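Chain by chain, the residues:
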Amino acid sequence: GNSVTQMEGPVTLSEEAFLTINCTYTATGYPSLFWYVQYPGEGLQLLLKATKADDKGSNKGFEATYRKETTSFHLEKGSVQVSDSAVYFCALSTANSKLTFGKGITLSVRP
Amino acid sequence: DTGVSQDPRHKITKRGQNVTFRCDPISEHNRLYWYRQTLGQGPEFLTYFQNEAQLEKSRLLSDRFSAERPKGSFSTLEIQRTEQGDSAMYLCASSLALVNEQFFGPGTRLTVL
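What counts and what doesn't
Residues numbered from 1 in each chain as written. Chains lettered and ligands numbered in written order. Predicted model: local features only at pLDDT ≥ 70, side-chain atom pairs only at ≥ 80, totals over all residues. Heavy atoms only, no water. Pairing = 2+ DSSP bridges. Helix = DSSP H or I, 4+ residues; strand = E, 2+ residues; numbered from the N terminus. Axes fitted to C-alpha atoms, helices over the stretch in contact; angles between N-to-C directions. Buried < 20%, exposed > 50% of the residue type's maximum accessible area, 1.4 Å probe, protein only. Patch = residues over 30% accessible without salt bridge, like charges linked within 9 Å, V, L, I, M, F, W, Y side chains within 5 Å. Areas by Shrake-Rupley, 256 points an atom, 1.4 Å probe, with all protein chains shown as cover. Salt bridge = Lys/Arg side-chain N within 4 Å of Asp/Glu carboxyl O. Contact = heavy atoms within 4.5 Å. Buried area = accessible area lost by both parts, 1.4 Å probe. Polar contact = N/O pair within 3.5 Å; in protein donor to acceptor, adjacent residues only side chain to side chain.

> I'm lost on the sheet that holds strand 8 (residues 62–65) of chain A in this one. Help?
Pairing between the strands of a sheet comes from backbone hydrogen bonds, and it takes one of two forms, parallel or antiparallel. Residue and element names in this part refer to chain A. If you walk across this open sheet you meet the 4 strands as 3-9-8-7, and the pairing is antiparallel. Every interior strand has two partners, whereas the edge strands, strand 3 (19–21) and strand 7 (56–59), have only one. Mean inter-strand twist for the sheet, computed between neighbouring axes without regard to direction, equals 15°. Pairing of strand 8 with strand 9 (residues 75–77) involves 3 bridges; the strand directions are antiparallel.

Now the structure itself:
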């Protein structure tokens, strides 16, 4: 079956630090890959996505590259802000259907 | 349209009672999904509809759970004879069938005492 593994958290960074959140996956077929974000008190929002190998998704300064050879989709941002504090979920879908999520990781950015 | 809405936002019930949640998707979206999220975990898929047809149900969805989407618009999720283990956030999402991008509602938080 499909599964997503995220690095253990939480992660605490100072403002303007570099961010990497690791995500690896197992899937049958060719999945689409996603990062969702949940800000405090809000619902899940799609942050970025990639639908095929070597695609790079990007949004709000965040980037992730679909690496088929390493089955990974790591999230990066060059300079985090306090407003990036949230819970981040890596997810996949196959056959354009249900999402399979990782456990999520809490990011706290201090001024 | 302001997005996916869910009602109620919070529900507290006693063990053994029945509860029903409603989800209103984005109006032009023909797919509707239900997920369940417990503390410290990512959302887990429960079931989904395309229009009024229920196309897939998770093994997580015991026979105490039933979902409907009678006219292909809003959906309801009913839990019968609730148990403490049913306490969770129930999330609804919608999408267009040909676009692999799901939009989530704010969720209904269920607490079973």
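Picking up where we left off.
> Looking at this model, I keep getting lost on the pairing of strand 4 (residues 23–26) of chain A. Mind explaining?
Moving residue by residue along a regular strand, the side chains alternate between the two faces of the sheet. All names here are of chain A. Because side chains alternate across strand 4, one face comprises the buried residues Cys 23 and Tyr 25, and the other comprises Thr 24 and Thr 26, none of which is buried. Direction of pairing for strand 1 (residues 3–6) relative to strand 4: antiparallel, over a ladder of 4 bridges. Bridge assignment links Val 4 to a residue of strand 4, and that residue is Tyr 25.

> Could you clarify how one ought to interpret the sheet that holds strand 8 (residues 75–79) of chain B in this entry?
Residue and element names in this part refer to chain B. Taken in spatial order, the 4 strands of this open sheet run 1-3-8-7, and their pairing is antiparallel. Only two strands of the sheet have a single neighbouring strand rather than two, namely strand 1 (5–7) and strand 7 (65–68). Across this sheet, the average inter-strand angle for adjacent strands is 15°, counted without regard to direction. Note that strand 1 and strand 3 (residues 19–24) share 3 bridges and pair antiparallel. Considered in strand 3, the bridge of Asp 7 is made with Arg 22.

> What is the right way to read a nonpolar patch on the surface from this model?
Together, Leu 96, Leu 98 and Val 99 of chain B make up an exposed nonpolar region whose accessible area comes to about 300 Å². Here Leu 96 of chain B shows up in the loop between strand 9 (88–95) and strand 10 (103–104).

> Would you take a moment to explain the pairing of strand 10 (residues 86–93) of chain A for this structure?
Residues and elements named next belong to chain A. In terms of burial, strand 10 is largely enclosed, as 7 of its 8 residues are buried. Sheet analysis places strand 5 (residues 32–38) next to strand 10, joined by 7 bridges and oriented antiparallel. Within strand 10, the position partnered with Trp 35 by the bridge is Cys 90. Sheet topology note: the strand 10/strand 12 (residues 105–110) ladder contains 3 bridges and is antiparallel. Within the sheet, the bridge partner assigned to Tyr 88 lies in strand 12 and is Ile 105. Where strand 10 and strand 11 (residues 99–101) come together, 3 bridges link them in antiparallel fashion. Within the sheet, the bridge partner assigned to Ala 91 lies in strand 11 and is Phe 101. Counting the residues between successive antiparallel strands, the hairpin from strand 10 to strand 11 contains 5 residues, one of them, Ala 95, with a positive phi of roughly 55°.

> How should I be thinking about the interface of chain B and chain A in this particular structure?
A common way to state how big an interface is: give the accessible area lost once the parts meet. Listed per partner, the contact involves 20 residues of chain B and 17 residues of chain A. Counting the surface lost from both chain B and chain A, the interface buries some 1500 Å², and carbon and sulfur atoms represent 45% of this. Its largest share of buried area at the contact with chain A, chain B owes to Pro 43, Asn 100 and Phe 104 of chain B, together 36% of the area lost on that side. Our count for the chain B to chain A interface comes out at 2 salt bridges. The residue Lys 98 of chain A makes a salt bridge to Glu 56 of chain B at a minimum N-O spacing of 2.6 Å. Our enumeration of links across chain B and chain A arrives at 7 residue pairs in polar contact (both at pLDDT 80 or more). At the level of secondary structure, the elements contributing two or more residues to the side of chain B that touches chain A comprise strand 4 (31–37) and strand 5 (44–50) of chain B.

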